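Coordinate inspection notes
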Amino acid sequence: MYPSVIEEYLRPGSVSEALAAIARYDEGEAMFLAGGQSAMQAMKSRMLRPQCVVDLQDVAELRGIVHDNGALRIGAMTRYVDIAGETTLDGAFGALRDAAAHVGDRQVRNRGTIGGSVCWNYVASCMPAVVLGLGGTLELAAADGGTRRLDADDFFLGPLETARREDEILLAVSWPAPAARSGSAYKKWGLVRDALPVVGVCITVTLGDDGHCTQARVALSGLAGGCQRAPAGEELLRGGNGDTAALARAMDAIADSVETHSDMSADADYRRQLIRSIGSEVAATAFARARGG
Amino acid sequence: MKTITVTVNGTSYEESVPERMLLVDFLRDRLALTGTHVGCTYEGVCGACTVHLDGEAVKSCMMLAVQADGHAVTTVEGLAGADGPGPLQRAFSNSHGLQCGFCTPGILMNMSDFLARHPDPSDEEIRSGLVGNLCRCTGYVHIVRAVREAAREMREGASGVQA
Ligand SMILES: Cc1cc2nc3c(=O)[nH]c(=O)nc-3n(C[C@H](O)[C@H](O)[C@H](O)COP(=O)(O)OP(=O)(O)OC[C@H]3O[C@@H](n4cnc5c(N)ncnc54)[C@H](O)[C@@H]3O)c2cc1C
Ligand code: FES
Ligand code: FES
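Our subject in this report is the structure included herewith. Keep in mind the model is a prediction, meaning the values are calculated, not measured.

What follows is about the sheet that holds strand E4 (residues 65-68) of chain A. All names here are of chain A. Taking strand neighbours across the sheet as the criterion, the 5 strands line up as E4-E5-E10-E6-E7 in an open arrangement whose pairing is antiparallel. Edge strands, defined here as strands with exactly one partner in the open sheet, are E4 and strand E7 (147-151). Adjacent strand axes in the sheet meet at a mean angle of 25 degrees, parallel and antiparallel pairs treated alike. The pairing of E4 with strand E5 (residues 71-75) spans 4 bridges and is classified as antiparallel. The partner of Ile65 across the bridge, within E5, is Ile74. Seen against the sheet, helix H1 (residues 15-23) touches strand E6 (137-142) and strand E10 (168-175) and runs at an angle of roughly 140 degrees to E10.

Right, here's the structure in full:
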């Protein structure tokens, strides 16, 4: 299998050149290519038939992990292998490494990028749920020079859908400095090691002086509706001190409140059970990281 | 069509290719380097097509040939040294790390990159490193053994104990 005819291949050296290249084509006829680990499948199966491919590999300004007084900015073209190896991503940002280290396989991690993953927003994927569970901000730029910043809650619209317009490029995902005593974690379950998530859970908690949870975000991957928050669980986590029974109650509430589906990998009940078991483990890790342990 | 310059196994090639040509097809059909195999159709799940792009293991069916313009590619044909098969290749032979051999080029290319970064891996780390390569014959036990053997030999070779 190979892609349908591609008329033009461009390799811009900057964001402005990349945006100008996309703007030369009608909507849907040109596309950005990042790591290609989703786009190449889609092109070979002819689900995508771009006339023009704008390869972002030379746009250096889209790469890199930058810490600035606690704030974090990860360029869209930063690869999984780079995120997985970045030991400064701990505590409040630990979920990013948890996820990146287990995406697919070594070869996929050597190419695939955080930006490609969130722009594709496949149901069975890790980074969209992690960016949602960490409350990230998506920085977008358009050919007319306009830029906008969207909260993850407003960016992910449903399976394979985001608020990004076709003529916009994702520049980076960023976070302000996290509150003290914050921790996050992510874990997924798939059919084999590091496989696509049948269910994945990302949890961020912030603890008060007394060790009780003051803020919590929970996001799930692998559900038919796409990556999503789980408010029922967030509410129960808040105020708790992370003891095992309380975490189990919060995960029960999530399992009972979300819509799960049955497919070849798992039936709806098993997905609920996965949410309970992975979720409890992830919550415990997030609490431990928030405590600094 | 686009003219690209790619260094493959140390030799620079200038070729005119259709934009949609996959890197794996460029290697096999243009350069007749048929050691790089195609084991799945488009999903990118079997790893048989694994090559090095600037020294890193990547699946060559998941890239366009034009993306490799200006880069260095190593295929399994480039793995042996001037004095014959290297330690990883010898270990696969000695430890029976293959049966039909269809998966072997991809596994060798992935594991040579892996060992360069993890000189003393545990069996668990080797198994995690192999996730992207399917083998339908061996059951992986002998593959893991071969990689472990190669790692040992390369460490000993590097410290001058035994070549
Ligand atoms: C064998 C295999 C196993 C995998 N396992 C997992 C897994 O376990 N978990 C998981 O989460 N994913 C998995 N994936 C998918 C992988 O994560 C992809 O890398 C990711 O989904 C896409 O990122 P990419 O950089 O490859 O983007 P591409 O495939 O190049 O692009 C994806 C889409 O995003 C758009 N895009 C990319 N970058 C930008 C940008 N900066 N601005 C605007 N648009 C952009 C492209 O136009 C395209 O539409 C797997 C893939 C494979 C092949
Ligand atoms: S041919 Fe199967 S991964 Fe490339
Ligand atoms: S030896 Fe036959 S597929 Fe691996």
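Don't stop here, the text continues.
Take the packing of helix H2 (residues 87-94) of chain B against helix H5 (residues 141-158) of chain B next. Residues and elements named next belong to chain B. Running from N to C, H2 and H5 point in directions that differ by 140 degrees, and their axes come no closer than 8 Å. Overall, the two elements H2 and H5 adopt an arrangement that is oblique. Between H2 and H5 lies a crossing whose hand is right-handed. When H2 is examined against H5, the residues Pro87, Leu88, Arg90, Ala91 and Phe92 are found in contact with a partner set consisting of Ile143, Ala146, Val147, Glu149, Ala150, Glu153 and Met154.

For the rest of this paragraph, the subject is empty space enclosed by the protein. Residue and element names in this part refer to chain A. If you walk through the whole model with that rule in mind, you get 1 cavity of 30 Å³ or more. Approximately 30 Å³ is the volume attributed to the largest cavity. Of all the secondary structure elements, the ones that give two or more residues to the lining of the largest cavity are helix H9 (231-237) and helix H10 (244-257). Per element, the largest residue contribution to the lining of the largest cavity is 3 residues, and it comes from H10. Here the lining of the largest cavity is built from residues that sort into 6 nonpolar, 3 polar and no charged.

All names here are of chain A. Of all residues adjacent to ligand 1, which total 36 residues, the nearest are Phe32, Ala39, Tyr80, Thr113 and Cys126. Interatomic distance of 2.5 Å between a side-chain N/O atom of Tyr80 and an oxygen atom of ligand 1. Contact with the protein chains covers 94% of the free accessible surface of ligand 1, which is 980 Å². Elements with a contribution of two residues or more to the shell around ligand 1: strand E2 (30-33), helix H2 (39-44), helix H6 (114-120) and E10. Sort the elements by how many residues they give to the shell around ligand 1 and H6 lands first, with 4 residues. Of the residues that constitute the shell around ligand 1, the class distribution is 17 nonpolar, 12 polar and 7 charged.

Turning to H5(B), a few remarks are in order. All names here are of chain B. Spanning 18 residues, H5 covers 26 Å between terminal C-alpha atoms, matching the ideal 26 Å at 1.5 Å per step. When H5 is considered as a whole, its buried residues turn out to be Ile143, Val144, Ala146, Val147, Ala150 and Ala151. Summarising the axial view, the buried residues of H5 lie within an arc of 160 degrees, below the 170-degree limit, and thus occupy one face. Where H5 is buried, its residues meet H2, helix H3 (104-117) and helix H4 (123-129).

The rules we used
- Residues numbered from 1 in each chain as written.
- Chains lettered and ligands numbered in written order.
- Predicted model: local features only at pLDDT ≥ 70, side-chain atom pairs only at ≥ 80, totals over all residues.
- Heavy atoms only, no water.
- Pairing = 2+ DSSP bridges.
- Helix = DSSP H or I, 4+ residues; strand = E, 2+ residues; numbered from the N terminus.
- Axes fitted to C-alpha atoms, helices over the stretch in contact; angles between N-to-C directions.
- Contact = heavy atoms within 4.5 Å.
- Parallel < 35°, antiparallel > 145°, perpendicular 65-115°, else oblique.
- Left-handed = near helix turned anticlockwise from the far one by under 90°.
- 1 Å grid on protein atoms, 1.4 Å probe; cavity = no way out; pocket = protein on both sides within 12 Å on 5 of 7 lines; lining within 4 Å.
- Points joined across faces, edges and corners; volume = space filled by probe spheres on them.
- Nonpolar A, V, L, I, M, F, W, Y, C, P; charged D, E, K, R; others polar.
- Near = heavy atom within 4 Å.
- Polar contact = N/O pair within 3.5 Å; in protein donor to acceptor, adjacent residues only side chain to side chain.
- Areas by Shrake-Rupley, 256 points an atom, 1.4 Å probe, with all protein chains shown as cover.
- Expected span 1.5 Å × (residues − 1).
- Buried < 20%, exposed > 50% of the residue type's maximum accessible area, 1.4 Å probe, protein only.
- Arc of directions from axis to C-beta.

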